[in-house]
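Architecture and fold: a report
In case you want the letters, here they are:
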Amino acid sequence: MNAAAFETIRVRMQGPVCFLQFNRPEAKNTINERLVYECRQVIDHCREQASILVLEGLPDVFCFGADFQELHEKKANGQSLDPSPEPLYDLWLDLATGPFITISHVRGKVNAGGVGFVAACDIVLADETAEFSLSELLFGLLPACVLPFLIRRIGFQKANYLTLMTQPVNVRQAVEWGLVDACDAESETLLRKHLMRLRYVPKRGIERYKRLMNSLQDGLHRAKPLALEANREVFADPRNQELIFRYIETGQFPWES
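Below or above, wherever it landed, is the structure these notes cover.

Conventions and cut-offs
Residues numbered from 1 in each chain as written. Predicted model: local features only at pLDDT ≥ 70, side-chain atom pairs only at ≥ 80, totals over all residues. Heavy atoms only, no water. Phe/Tyr/Trp six-rings, centres within 6.5 Å; stacked < 30°, edge-to-face > 60°. Helix = DSSP H or I, 4+ residues; strand = E, 2+ residues; numbered from the N terminus. Buried < 20%, exposed > 50% of the residue type's maximum accessible area, 1.4 Å probe, protein only. Polar contact = N/O pair within 3.5 Å; in protein donor to acceptor, adjacent residues only side chain to side chain. Contact = heavy atoms within 4.5 Å. Patch = residues over 30% accessible without salt bridge, like charges linked within 9 Å, V, L, I, M, F, W, Y side chains within 5 Å. Areas by Shrake-Rupley, 256 points an atom, 1.4 Å probe, with all protein chains shown as cover. Salt bridge = Lys/Arg side-chain N within 4 Å of Asp/Glu carboxyl O. Pairing = 2+ DSSP bridges. Axes fitted to C-alpha atoms, helices over the stretch in contact; angles between N-to-C directions.

Our next topic: the packing of aromatic side chains. A full pass over the atoms with the stated rule returns 10 aromatic pairs. Considering the side-chain rings of Phe139 and Tyr247, the 5.6 Å spacing of their centres and the 75° angle between planes classify their relative orientation as edge-to-face. Remark: Tyr247 occurs in helix 11 (residues 238-250) and Phe139 occurs in the loop between strand 8 (131-133) and helix 5 (147-154); sequence separation between them is 108 residues. Overall, Tyr247 belongs to the partly exposed group, its relative accessible area being 26%. Measuring from ring centre to ring centre gives 5.2 Å for Tyr247 and Phe253, while their planes differ by 35°; the resulting arrangement is tilted.

Here helix 4 (residues 113-120) lies mainly inside the structure; 8 of its 8 residues are buried. Along helix 4, the residues that are buried comprise Gly113, Gly114, Val115, Gly116, Phe117, Val118, Ala119 and Ala120.

With respect to the helices and strands, the residue Ser133 is situated in strand 8. Judged by relative accessible area, Ser133 falls into the buried class, the value being 9%. Of the polar contacts made by the side chain of Ser133, one reaches the side chain of Asn111; its length is 2.8 Å. Beyond its immediate sequence surroundings of up to four residues, Ser133 is in contact with Val110, Asn111, Ala112, Val115, Thr166, Gln167 and Pro168.

Taken together, the side chains of Tyr209, Leu212, Met213 and Leu216 present a nonpolar region at the surface, about 430 Å² in accessible area. Mapped onto the elements, Leu216 comes out in helix 9 (residues 203-216). Judged by relative accessible area, Leu216 falls into the exposed class, the value being 62%.

Now for the sheet that holds strand 9 (residues 169-170). The 4 strands lie next to each other as 4-6-8-9, forming an open sheet whose pairing is mixed. Two strands close off the open sheet at either side, each with one partner strand: strand 4 (61-63) and strand 9. Inspection of the sheet shows strand 6 (residues 109-111) paired to strand 8 by 3 bridges, in the parallel sense. By the bridge assignment, Asn111 is partnered in strand 8 with Ser133. Each of strand 4, strand 6 and strand 8 touches helix 4; the most contacted strand, strand 6, lies at about 100° to it.

This next bit is on the pattern of salt bridges. In the structure shown here, the tally under the stated rule is 17 salt bridges. Linking Arg47 and Asp44 is a salt bridge whose minimum nitrogen-to-oxygen distance equals 3.9 Å. Here Arg47 and its partner Asp44 are both found in helix 1 (residues 33-49), 3 residues apart, which amounts to about one turn of the helix. Within the structure, one salt-bridge network assembled from shared partners comprises Arg40, Asp44, Arg47 and Asp94.

Structure below.
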């Protein structure tokens with residue numbers, strides 16, 4: 001794995017721990033095809049070389065969901081607007097079920113698909129600036145691929161409320177709901193304390209444990225075709241595309257006339 005070749009992420013290995021940082025500051029760490037591809041490369045490396053994978057963002061934003069600018073550029077170039085949700089769903093599935101412990105270290109804003117990354121991880125740590133939102137319905141979209149992972153983590157009704165309200169919840173609320181496992185003003189220290197303990201867990205034990213948990217709760221695989229179909233449907237809707245492209249071109253939100 002050549003870490004220097006990555007364009008959208010930064011990667012470093014520290015013994016059995018792989019640190020993967022989303023690094024698109026010019027785009028609020030939004031998710032584009034390149035980021036998904038590069039994350040999948042890192043995960044393939046971690047299957048053999050790491051027992052712990054830590055996801056991190058920037059100090060003010062962890063990940064802000066789909067890159068609408070990329071969709072707009074596709075339209076301008078006459079390309080298909082199908083956002084191909086399967087690679088992203090499979091990426092989250094790898095985080096949830098892969099033979100390593102996954103940790104999200106969250107600071108700042110997390111929106112839409114960013115919540116998918118968080119919900120897919122085994123452990124979520126955050127500082128006091130973290131806030132979480134699902135804004136998709138404002139654009140006529142659905143957090144279709146996020147929901148199977150989010151429901152697994154916090155339950156149906158809390159995921160339902162977060163989706164319908166479309167507004168952020170702070171880290172204290174996220175801890176109450178179980179979306180965040182632990183928070184602290186000094187989240188770097190919190191992360192170090194967790195890693196000091198988790199380093200003692202052998203990779204073979206992690207592999208067996210994750211395999212057992214996957215067999216006990218296989219809903220993510222069963223939900224996949226429904227989630228992908230719902231995602232494709234809302235992104236193919238011309239009215240939804242109009243709202244997205246108007247936002248990119250003018251900065252107007254869907255509710256603004």
